[in-house]
Amino acid sequence: MTVRVGVVGAGWIGNDHIRRLSDTIAGARVTAVTDIDAARAAEAAAPVGARVVPDGAALIAADDVDAVLVTSWGPTHAEHVLNAIAAGKPVFCEKPLATTAEDCLKIIEAETAHGRRLVQVGFMRRYDAGYRQMKQVIDAGRIGEPLIVHCAHRNPTVPESYISSMAALDTAVHEVDVLRWLLDDEIVSTQVVTPRATSKRFAHLKDPQIMLFETAKGVRIDLEVFVNCQYGYDIQCEAVGEEGLVRLPDPAAVGVRGAGRHSTEVLTDWVGRFADAFDTEFREWIAAVASGTEPNGPSAWDGYAATVITSATVEALESGRVVATDLKPRPTLYGGAV
């Protein structure tokens with residue numbers, strides 16, 4: 001079957017996903033688009049032959065929409081996801097699932113009452129080939145029990161609108177999700193250390209930041225978030241186990257020799273780094289919707305955990321303390337005991 005997708009939010013990421021669903025992913029068709037800016041919705045809808053719908057509620061209720069993609073402003077996500085659950089329609093929500101833990105829990109309660117998973121959250125790193133290879137190595141026990149994980153998330157620059165809390169809420173959130181998945185373990189506490197600040201930042205920004213996490217099994221994670229590193233977009237991850245280590249590979253790049261040096265290119269943005277992961281993410285989501293099976297990607301629970309952990313990390317930054325994450329018990333729908 002062809003899955004008819006309605007898109008809520010026609011900004012940059014919404015447009016990119018509309019292109020992806022129309023040009024790259026088999027078995028999907030964008031049939032409806034809505035945005036708070038009607039002209040922007042029309043501009044996004046026209047190239048793919050979709051119709052413009054006045055608001056999210058009307059789009060979710062539409063007969064020509066089988067599944068919903070939410071790419072609107074973060075604080076609106078909870079409303080649209082809850083409406084999709086009420087309509088019994090699969091919904092893919094770009095991160096964050098919601099901007100507060102309370103709204104995340106409302107989504108979890110609604111989905112639990114529905115009785116099956118409908119929600120997938122857009123954490124694309126789980127679909128990156130390198131991270132998937134790391135997951136296979138760890139799950140197979142090839143490095144023994146994990147003990148330590150070293151990570152770095154570096155951007156060349158950020159705009160002046162980027163503030164210190166965004167290092168956790170917008171940047172480190174991807175590591176938070178992928179590390180929970182890689183280790184099959186929960187983050188129970190967080191701390192932030194701020195080293196000497198780079199002179200390349202705007203004065204209001206604390207950059208770089210070193211985030212220290214502890215998991216329920218005692219694994220220690222250090223994450224360097226450096227969003228004005230200047231040289232490129234650089235994602236690093238190394239898990240150290242009792243019997244070995246596994247390291248995330250750098251993106252494939254040719255080596256160039258000349259003028260007395262050997263060099264390889266460093267990517268400059270996340271779009272190029274994770275383009276294939278985005279494609280795989282949507283390919284698998286559309287396949288699940290078409291077959292009527294539950295999504296196997298990041299769940300509403302994962303969205304809740306990411307919101308709680310990153311909010312605790314902001315508190316740790318502002319207070320200078322180690323902050324417990326205090327997650328609620330995981331419901332059985334998401335593999336929990338209660």
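Participant: For this particular structure, what's the right way to read the sheet that holds strand β5 (residues 91–94)?
Facilitator: Hydrogen bonds between backbone atoms are what pair the strands of a sheet, whose relative direction is either parallel or antiparallel. Taken in spatial order, the 6 strands of this open sheet run β3-β2-β1-β4-β5-β6, and their pairing is parallel. Single-partner strands in this sheet number two, and they are β3 (51–52) and β6 (119–122). With 6 bridges joining them, strand β1 (residues 3–8) and strand β2 (residues 28–34) adopt parallel strand pairing. Across the sheet, the residue bridging to Arg4 is Arg29, located in β2. Contacts from helix α4 (residues 77–87) reach β1, β4 (67–70), β5 and β6, with the element oriented near 170° to β5.

Participant: Any chance you could explain the pairing of β6 here in plain terms?
Facilitator: Every other side chain in a regular strand lies on the same face of the sheet, so the side chains alternate between the two faces. Going residue by residue along β6, you find Val119 and Val121 tucked away on one face and Gln120 and Gly122 tucked away on the opposite face as well. Taken together, the 4 bridges between β5 and β6 define a ladder with parallel strand orientation. When the sheet's bridge partners are listed, Phe92 is paired in β6 with Gln120. With respect to chirality, the unit in which β5 leads through helix α5 (residues 101–114) into the neighbouring parallel β6 is right-handed.

Participant: Please clarify how a nonpolar patch on the surface should be interpreted in this entry.
Facilitator: Residues Trp12, Trp270 and Val271 make up a contiguous nonpolar surface patch of about 300 Å² in total accessible area. You can see Val271 is positioned in helix α8 (residues 270–273).

Participant: Even after reading the chapter, I still don't get the packing of α5 against helix α10 (residues 300–319), so can you show me in this structure?
Facilitator: Geometrically, a packed helix pair is captured by the angle between its two axes and the distance between the axes. Two elements in contact, α5 and α10, have axes whose closest approach is 9 Å; the angle formed by their N-to-C orientations is 165°. When the interaxial angle is binned, α5 and α10 end up roughly antiparallel. Classified by chirality, the crossing of α10 by α5 is left-handed. Residue-level inspection shows Ala101, Cys104, Leu105, Ile107, Ile108 and Glu111 of α5 in contact with α10, the latter providing Ala300, Trp301, Gly303, Tyr304, Thr307 and Val308. Among the residues forming the contact of α5 with α10, the class breakdown is 9 nonpolar, 2 polar and 1 charged.

Participant: Help me understand the packing of aromatic side chains in this model?
Facilitator: Where two aromatic rings form a pair, the distance of their centres and the angle of their planes describe that pair. Counted according to the given criterion, the structure contains 6 aromatic pairs. Measuring from ring centre to ring centre gives 4.9 Å for Trp301 and Tyr304, while their planes differ by 50°; the resulting arrangement is tilted. Here the residue Trp301 and the residue Tyr304 both occupy positions in helix α10, the gap between them amounting to 3 residues, near one helical turn. With respect to burial, Trp301 and Tyr304 carry one shared label: buried. Each residue in the set Trp12, Trp270 and Phe278 is aromatic and connected to the rest through ring pairs, giving one cluster. The ring of Trp181 is capped by Lys135, whose NZ or CZ atom sits 5.4 Å from the centre of that ring.

Participant: Looking at this structure, I do not really get the environment of Ile18. What am I missing?
Facilitator: Relative to the helices and strands, Ile18 resides in helix α1 (residues 12–23). Accessibility expressed as a relative area gives 2% for Ile18, which makes it buried. Remark: the alpha-carbon pair of Ile18 and Thr2, spanning 16 residues in sequence, is separated by 15 Å.

Participant: Honestly, unusual backbone geometry in this entry has me stumped. Any pointers?
Facilitator: When glycine is set aside, most residues are seen to have a negative phi, and most peptide bonds are trans. Here Lys95 and Pro96 are connected by a cis peptide whose omega angle stands at 0°. Positionally, Pro96 belongs in the loop between β5 and α5. Between Asp207 and Pro208 the backbone carries a cis peptide bond, its omega angle lying at 5°. Relative to the helices and strands, Pro208 is located in the loop between β8 (187–193) and β9 (209–215). Located in the positive-phi region is Gln230, a residue other than glycine, with phi close to 80°.

Participant: In this structure, what is going on with the side chain of Lys89? I would like to understand it.
Facilitator: In this structure, Lys89 sits in the loop between α4 and β5. Asp63 provides the closest opposite charge to the buried, unpaired Lys89, separated from it by 6.1 Å. Looking at Lys89, its side chain comes within polar contact range of the main-chain oxygen of Ile60, at 2.7 Å. Here Ala62 takes part through its backbone oxygen, which lies 2.8 Å from a polar atom of the side chain of Lys89. Excluding its chain neighbours within four sequence positions, the residues that come into contact with Lys89 are Ile60, Ala61, Ala62, Val65, Asp66, Ala84 and Leu118.

The rules behind these values
Residues numbered from 1 in each chain as written. Predicted model: local features only at pLDDT ≥ 70, side-chain atom pairs only at ≥ 80, totals over all residues. Heavy atoms only, no water. Pairing = 2+ DSSP bridges. Helix = DSSP H or I, 4+ residues; strand = E, 2+ residues; numbered from the N terminus. Contact = heavy atoms within 4.5 Å. Axes fitted to C-alpha atoms, helices over the stretch in contact; angles between N-to-C directions. Buried < 20%, exposed > 50% of the residue type's maximum accessible area, 1.4 Å probe, protein only. Right-handed = clockwise from strand over helix to strand, strands pointing away. Patch = residues over 30% accessible without salt bridge, like charges linked within 9 Å, V, L, I, M, F, W, Y side chains within 5 Å. Areas by Shrake-Rupley, 256 points an atom, 1.4 Å probe, with all protein chains shown as cover. Salt bridge = Lys/Arg side-chain N within 4 Å of Asp/Glu carboxyl O. Parallel < 35°, antiparallel > 145°, perpendicular 65-115°, else oblique. Left-handed = near helix turned anticlockwise from the far one by under 90°. Nonpolar A, V, L, I, M, F, W, Y, C, P; charged D, E, K, R; others polar. Phe/Tyr/Trp six-rings, centres within 6.5 Å; stacked < 30°, edge-to-face > 60°. Lys NZ or Arg CZ within 6 Å of the ring centre and 35° of its normal. Lys, Arg positive; Asp, Glu negative; His and termini not counted. Polar contact = N/O pair within 3.5 Å; in protein donor to acceptor, adjacent residues only side chain to side chain.

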